[in-house]
Amino acid sequence: GQGAPPMPVLQNPMPVNVADREVVWDQVSDTIDNYFTIQREERVRQLGDVLLEGRIETFPVGGATVLEPWRKDSTHGFERAQSTLQSIRRRATVRVTPTSGGYLVDVAVYKELEDLASPQHATVGRARVRHETTLDRNEKEPGADTYTLGWIPLGRDVSLEQRILQEIRERTTGP
């Protein structure tokens, strides 16, 4: 046996052909809440006869390590090993865009590496500055715009995006 077959690669943004926006929103929001703590949530809403895009942004969460198998924010293999050996954190931005016949669900998971002034267990110059709460905003690309001093962007975590999309698809259309 070769183990589990690879998950099918889902389109991102993924089309969800469910007409009821409340059902779609509740499933998306509930799925994201299983992986992250939601910081800001703007539901899909109607303005006149136009449906406006919904958006979820999460707080950053420190990556799950190999010693925390119950946590879902690091996928198995490389991502979990990397989170075990280095200070990695992830945050998500989800957009739910109305289309004819349903919605497009765009899941973006951003990964960041902690930028330490010295190796973590060094004994010389041990005064350590932690940067978890220092936000520096730069209004360019939504989602990728928020970075925190002391954290280095590592790009997107496609394997976690795929896992989240798979769960949303199962909840909205069945397996």
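Residues numbered from 1 in each chain as written. Predicted model: local features only at pLDDT ≥ 70, side-chain atom pairs only at ≥ 80, totals over all residues. Heavy atoms only, no water.

Caption draft 1: Region of the structure containing the packing of helix H1 (residues 21-33) against helix H3 (residues 158-173). Across the interface, H1 lies against H3 with an axial gap of 9 Å and an inter-helix angle of 140°. With respect to their mutual orientation, H1 and H3 come out oblique. Regarding H1 and H3, the two cross each other, and that crossing is right-handed. The residues of H3 that touch H1, namely those facing Gln-27, Val-28, Asp-30, Thr-31 and Ile-32, are Ile-164, Glu-167, Ile-168, Arg-171 and Thr-172. In the contact of H1 with H3, the residues fall into four nonpolar, three polar and three charged. (Axes fitted to C-alpha atoms, helices over the stretch in contact; angles between N-to-C directions. Helix = DSSP H or I, 4+ residues; strand = E, 2+ residues; numbered from the N terminus. Parallel < 35°, antiparallel > 145°, perpendicular 65-115°, else oblique. Left-handed = near helix turned anticlockwise from the far one by under 90°. Contact = heavy atoms within 4.5 Å. Nonpolar A, V, L, I, M, F, W, Y, C, P; charged D, E, K, R; others polar.)

Caption draft 2: Broad picture of H3. Relative to the 22 Å expected for 16 residues at 1.5 Å per residue, H3 spans 22 Å between its end C-alpha atoms, a close match to the ideal helical length. Taken residue by residue, H3 has Leu-160, Glu-161, Gln-162, Ile-164, Leu-165, Gln-166, Glu-167, Ile-168 and Thr-172 as its buried positions. Residues of H3 that are buried sit in contact with strand E1 (14-16), H1, strand E7 (88-99), strand E8 (102-114) and strand E11 (151-156). (Expected span 1.5 Å × (residues − 1). Buried < 20%, exposed > 50% of the residue type's maximum accessible area, 1.4 Å probe, protein only.)

Caption draft 3: Quick look at the packing of aromatic side chains. Within the structure shown, the criterion is met by zero aromatic pairs. Looking at Arg-89, its charged tip hangs above the ring of Trp-151, at a distance of 4.3 Å from the centre. (Phe/Tyr/Trp six-rings, centres within 6.5 Å; stacked < 30°, edge-to-face > 60°. Lys NZ or Arg CZ within 6 Å of the ring centre and 35° of its normal.)

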